[in-house]
Amino acid sequence: MIYKIPLILLLLVTLVTNSQNFSTDGHMIRNAEIATVSGNSVFYFSELSGSISLYSLEGKKIWEYQTQTPAVIFEIKAVDITNDQNDDVLVASGDGTIYALSSSGQLLWAFNPGHKVRFSEIAVVNNNNQIQVFAGGNDYKLYELDDQGQLVSTTTIKGVVRKIEAGNFLEANKPCLFLLTYNHDKYRWEFMGFLDAETKQVIKQTSFKNDKLKEVKQSMITDIKVADLDGDNKDDLLLFNDLNFLAQCIGINGNFDIITNFKASNKEKQRYAHSKGVFLANRKEIVLQHGGILFVLDNKGNLIARNGTRYGSPVHNDFVFDQRSNQLVATGEVDGGNGVYFYNTLKDKWWQQNHPLQGRMLEVAQNLTTLYQQTLNFTLPDYQKKSNRDWVMITSKKVNPKVKNLKGGTLKFVVQKSPKENTDRSSLVKIIGKSALKRDKRGNYNDSREDIVKTAIEYEKKGQAFTFWAGHGNDPFYLQIETMEKVLEVAPTTCYGFIYAEMDNTEDPRVVHLVNEYMPRLAKAIRKNNKAKVYFRYKNMFWAATSHLPLWKNLFFSGKYKDFLIPASEDTSNRVQDLNLAGRIGMHSGGYVDDFAMRLVDDNPTSWRPLSPGGQNSISPYLRQGVAMASYGARYGIILDNSFTKGEGLDILFALMKSGVLPVVERENIQSISSWHLIKDVDEDLIHSVDNHHNLMQYKSDDDNAVFSVAQMHWAGASVPENDFSNIGLGVKYRWLNYIPELPNGMVPIAPVESKSFVESQKLPYFISNGKVGFDNGNKINAKTFSKTIENNVEEGKKKLPILVNGAFWSAIEIDQNHTRIVLVDQGYLDPQDRAVRIRFQTKQPVAVQDILSKETLKPIDKIIALTVPAGSMRFVDVTY
């Protein structure tokens, strides 16, 4: 939809040098561009997933445009392509389209190559008033368009496009293209060099083996800007990087010489603190944001000043500089904000200006404070009994005394330690070979078996519950089996078990040994104390697909270890969290495990890491993620304390649990499962392409023709096809940050085909696939055809639900035979906003409906209740029959 204000109004804008901060009336600002319209500076903004808008510097919205399909907007570029002296805007969308919008908000053209692609970069060469638009993404092609959006040429390239920039990099008055492509999700470029814009031939390139770029090779490049850093009338490239959690800024000229070099000190290290920056042309200075610190550098990288502290100030999504008014502008917040903040660079020590939070993230903070206070005042209604099972949170988090005083639930806190034992491994080598000697480079193996056991004894004496991280895909043998058996023996009441992460490779003899030899022995030792569990953290789509491979299926779906296996998710670089969630719910609700876990991790929030900003100040994404999983049965939590978060933090989650607002959910009490997706003979090629998440070089033209489609790393941010299970069944429209799917059909769990009889006993519809294709009477059906089967089954299932919710993530939980609690959660992980929700009562009508925290009485009209879930928050509604 387009909202327009006549451009003549822009002529009334007076030039100012100290604009007031404002927030847009849209949602998360991802990209910003300063443009010129009617001779004045204006903003082009893009939101996370589909909206483009034009604003004056004073915060007046001129127009807004919605792209056709929800997907990540990766880049926008302001350029006059209509030759009317006003800057238009070009848009690169993950939906596979390059959009051109005029300065008045009209769609000029939209280019799509006719096949599935994820566009992420655009650049414009203007050579003697001849416009060339270049675009690239994940299909190994560089597209050239004219100013009418017509395809001019297609050039085959190597690698997935990370950056395309136009500039006078090699000659002062002759533009060319800079092209950077990657073959790895964080490091290792496939191509870095300059192309002739006319011929598309390589003019100059550098190898990844170039030693003078050693520091660049070790960095994750999170932002790239073009500027003349050294005043030679030629453009240079300014790279803003994350170097092992340190801020880094490197400037490179057309000869690949480093002309600017800055690296922060170890005291300023911040975990997954996204680096963004901009060049201030009026001062010939560089501004670099890294987490809570703003660095000001000269053009050679020498530090001039800094402001802020580690894990301090809000982290912004973008920075732009307006040369007319000499204002630096910080836009958006990485937790989902729509704020716009100004710095007047003409003032002395301009960087010392600290801006109060505003806009959406202030609204979210206020909503969460309200939620927290209401939860602290909550008491269990007469019809709700306190569960006799504990919430178990593995965290070092200290809890507010007000939370401890709540009486509606029991919360057990468990510390996690990561000893790595130095015990000789010769016995393991004899069994599985020299691979047993491989160690995780991220840790030091300094702990003896005796020291580890002694630590367990000390915890037992103090009564301190604990877990040990026991292994990783890099090394499954942090702890050897004899050590774990001894730990369980000496700490029978305080050892809550052992954690494993990222061991998905069924061809690894170490993994095979752990599953076949360690697990039976652990089972015997664990069942003696009846408290310890084994927690498995896996990412990608392990719980939806990989877990159905024979080795894992025997472990997780045999029922042999259901009493102590705890599936969790390792979502550091995951695009398919919705599938992992549906898979774990399938395991739990299908009776294959007794519990599963949430993991609220402060890594940068998933997807393609260089383009996925970290440093969320708000607890809202993690809180909502945790509540979503808990509302379907996750009773355990594997939690890292996020240093960036402010306010009440995870105390809100703990208060919801301890008060009983969030009840411990038993599988038989979930009333919002509508249908089932059963897995048969899971497709290994699909699994391995997704599990191999560091490898970007996997593009296939039929990646979209799969039941679990476009799940590989190079598709991060792309729109999900209409034939995809996530889209049809769970309401997921693009693969970026979908841990909180909308569930317009209720929950559709994923489980093995052996669940068929159980599902039939529940009188629920189901469909069968191998992740790639579907099955109909044993015959394979391609995903695009099979989509109708999925659609028919979820439609049938949702009609049978007693309650159906649209507009938010939801769960319906039976409290007793006459009461159901509906949990409603804003599903925008990094796109928080008020959600208009409709609750429909389908099979029986309630006698009362109440928001249990606000005490508001809700009255159905024609069997429907309409309400709003506050931005970044949630509501809890009890239904009485």
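The structure this text deals with has already been given above.
Since we're looking at a predicted model, the values are computed, not measured. (Residues numbered from 1 in each chain as written. Predicted model: local features only at pLDDT ≥ 70, side-chain atom pairs only at ≥ 80, totals over all residues. Heavy atoms only, no water.)

Draft legend 1. Local environment of the overall build of the protein chain. A count of helices and strands for the protein chain gives 15 helices and 48 strands. Computed over the C-alpha atoms, the radius of gyration of the protein chain is 27 Å, within 12% of the 29 Å expected from 2.2 N^0.38 for a compact globule of 881 residues. The dimensions of the protein chain, computed from C-alpha atoms along their principal axes, are 80 × 70 × 60 Å. The buried share of the protein chain, reckoned over its 881 residues, is 64%. (Helix = DSSP H or I, 4+ residues; strand = E, 2+ residues; numbered from the N terminus. Rg over C-alpha atoms; globule rule 2.2 N^0.38 Å. Buried < 20%, exposed > 50% of the residue type's maximum accessible area, 1.4 Å probe, protein only.)

Draft legend 2. Inspection of the sheet that holds strand 33 (residues 533–538) at higher detail. The eight strands are arranged 34-33-32-31-30-29-36-35 in an open sheet whose pairing can be described as parallel. With one partner strand each, in any of the chains shown, strand 34 (565–569) and strand 35 (596–600) form the two edges of the open sheet. Recorded for the sheet is a direction-independent mean angle of 25 degrees between the axes of neighbouring strands. Both strand 31 (residues 466–472) and strand 32 (residues 495–501) contribute to a ladder of five bridges, which runs parallel. Residue tryptophan 469 lies in a different strand from strand 32, and its bridge partner there is isoleucine 499. (Pairing = 2+ DSSP bridges. Axes fitted to C-alpha atoms, helices over the stretch in contact; angles between N-to-C directions.)

Draft legend 3. Fine view of the nonpolar core. Counting residues in each nonpolar core, the largest one holds 145 residues, and the members touching the most others are Phe708 and Phe876. The contacts of phenylalanine 876, once residues within four sequence positions are left out, are Leu371, Val627, Leu656, Val661, Leu662, Ile822, Val823, Gln850, Asp851, Ile852 and Leu853. Tyr518, Trp543, Phe556 and Phe564 belong to the second largest nonpolar core, which has 49 residues in total. (Core = buried A, V, L, I, M, F, W, Y, C linked by side-chain atoms within 4.5 Å. Contact = heavy atoms within 4.5 Å.)

Draft legend 4. Fine view of the pairing of strand 15 (residues 174–182). Counting buried positions along strand 15 yields eight of nine residues, so the element is predominantly enclosed. Bridge count between strand 14 (residues 160–171) and strand 15: eight bridges; the pairing is antiparallel. Pairing of lysine 163 across the sheet is with leucine 180, part of strand 15. The loop that links strand 14 with its antiparallel partner strand 15 comprises two residues. Sheet topology note: the strand 15/strand 16 (residues 189–195) ladder contains six bridges and is antiparallel. Of the residues in strand 16, the one forming a bridge with leucine 179 is glycine 193. As consecutive antiparallel partners, strand 15 and strand 16 are separated by six residues, and within that stretch arginine 188 has a phi angle of approximately 65 degrees, a positive value.

Draft legend 5. Up close: the environment of isoleucine 781. Inspection of the secondary structure puts isoleucine 781 in strand 41 (residues 779–781). Ignoring sequence-local partners within four residues, the contact set of isoleucine 781 consists of Val773, Gly774, Asp776 and Phe786.

Draft legend 6. Quick peek at the pattern of salt bridges. Taken as a whole and assessed by the stated rule, the structure comprises 42 salt bridges. Residue aspartate 578 is joined to arginine 735 by a salt bridge in which the shortest nitrogen-to-oxygen separation is 3.6 Å. Remark: arginine 735 occurs in the loop between helix 13 (725–730) and strand 38 (750–752) and aspartate 578 occurs in helix 9 (residues 577–589); sequence separation between them is 157 residues. Three or more residues are tied together by salt bridges with common partners; here these are Glu75, Lys77, Glu121, Lys163 and Glu165. (Salt bridge = Lys/Arg side-chain N within 4 Å of Asp/Glu carboxyl O.)

Draft legend 7. Highlighting the environment of valine 364. Structurally, valine 364 can be placed in helix 2 (residues 359–376). By relative accessible area, valine 364 is classed as buried at 0%. Distance from valine 364 to isoleucine 619, taken between C-alpha atoms, is 9.6 Å for residues 255 residues apart in sequence. Leaving out residues up to four positions away in the same chain, valine 364 has contacts with Ser618, Ser620, Pro832, Ala871 and Gly872.

Draft legend 8. Quick look at unusual backbone geometry. Of note in the backbone geometry, lysine 200 takes a positive phi value of approximately 65 degrees without being a glycine. Along the polypeptide, lysine 200 turns up in the loop between strand 16 and strand 17 (202–206). Here lysine 200 falls in the buried class, since its relative accessible area comes to 14%.

Draft legend 9. How the structure looks around the sheet that holds strand 25 (residues 303–308). Strand order in the open sheet made by the four strands is 22-23-24-25, with antiparallel pairing throughout. Edge positions in the sheet fall to strand 22 (275–280) and strand 25, since each has one partner strand and no second. The average angle at which neighbouring strand axes cross in this sheet is 15 degrees, direction not considered. Summarising the sheet, strand 22 and strand 23 (residues 285–290) pair through six bridges and their orientation is antiparallel. By the bridge assignment, lysine 276 is partnered in strand 23 with glutamine 289.

Draft legend 10. Spotlight on the packing of aromatic side chains. Per the stated rule, a full pass over the model turns up 48 aromatic pairs. Here phenylalanine 22 and phenylalanine 43 contribute two aromatic rings whose centre-to-centre distance is 6.2 Å and whose plane-to-plane angle is 55 degrees, an arrangement assigned as tilted. On the criterion of sequence distance, the pair formed by phenylalanine 22 in strand 1 (residues 22–23) and phenylalanine 43 in strand 3 (residues 40–47) is long-range, its members being 21 residues apart. Assessed through its relative accessible area of 8%, phenylalanine 22 is described here as buried. Since its relative accessible area comes to 0%, phenylalanine 43 is described here as buried. (Phe/Tyr/Trp six-rings, centres within 6.5 Å; stacked < 30°, edge-to-face > 60°.)

Draft legend 11. Local environment of helix 7 (residues 509–529). The terminal C-alpha atoms of helix 7 lie 30 Å apart, and with 21 residues this matches the ideal 30 Å at 1.5 Å per residue to within 8%. Most pronounced at tyrosine 518, the bend in helix 7 amounts to some 40 degrees, and the proline proline 520 follows within four residues. Listing the buried residues of helix 7 in full gives Arg510, Val511, His513, Leu514, Val515, Tyr518, Met519, Leu522, Ala523, Ala525, Ile526 and Asn529. Packed against the buried residues of helix 7 are helix 4 (426–432), helix 6 (481–490), strand 32, strand 33, helix 8 (550–556) and strand 34. One or two residues past the end of helix 7 sits asparagine 530, with phi positive at roughly 60 degrees. (Expected span 1.5 Å × (residues − 1). Bend = angle between axes of the 7 residues up to and from the residue.)

Draft legend 12. Representation of the pairing of strand 13 (residues 151–156) in the model. The sheet contact formed by strand 12 (residues 141–145) and strand 13 spans five bridges and is antiparallel. Note on strand 13: the bridge partner recorded for leucine 142 is threonine 155. Where strand 12 folds back on strand 13, the antiparallel hairpin that results is connected by five residues, among which glycine 149 adopts a positive phi of roughly 80 degrees.

Draft legend 13. Spatial organisation of the packing of helix 10 (residues 620–630) against helix 11 (residues 651–659). Relative orientation of the contacting elements helix 10 and helix 11 amounts to 25 degrees, with a least axis distance of 9 Å. Relative to helix 11, the element helix 10 is oriented roughly parallel. The way helix 10 lies across helix 11 gives a crossing that is right-handed. In this structure, helix 10 contributes Leu623, Gly626 and Val627 to the contact, and helix 11 contributes Ile652, Leu653 and Leu656. (Parallel < 35°, antiparallel > 145°, perpendicular 65-115°, else oblique. Left-handed = near helix turned anticlockwise from the far one by under 90°.)

Draft legend 14. A look at the environment of glycine 590. Along the chain, glycine 590 falls in the loop between helix 9 and strand 35. For glycine 590, a relative accessible area of 18% puts it in the buried group. Considering only alpha carbons, one finds glycine 590 and aspartate 228, 362 residues apart in sequence, at a separation of 61 Å.

Draft legend 15. Inspection of the packing of helix 6 against helix 7 at higher detail. Interhelical geometry of helix 6 versus helix 7 gives an angle of 5 degrees and a closest axis separation of 9 Å. In terms of axis orientation, helix 6 runs roughly parallel to helix 7. Here helix 6 contributes Ile481, Glu482, Met484, Glu485 and Leu488 to the contact with helix 7, which in turn contributes Tyr518, Arg521, Leu522, Ala525, Ile526 and Asn529. Residue classes in the contact of helix 6 with helix 7 are distributed as seven nonpolar, one polar and three charged. (Nonpolar A, V, L, I, M, F, W, Y, C, P; charged D, E, K, R; others polar.)

Draft legend 16. Structural view of the side chain of asparagine 210. Along the polypeptide, asparagine 210 turns up in the loop between strand 17 and helix 1 (214–217). Of the residues examined, asparagine 210 reaches a relative accessible area of 17% and is grouped as buried.

The analysis is restricted to geometry; functional conclusions fall outside its scope.
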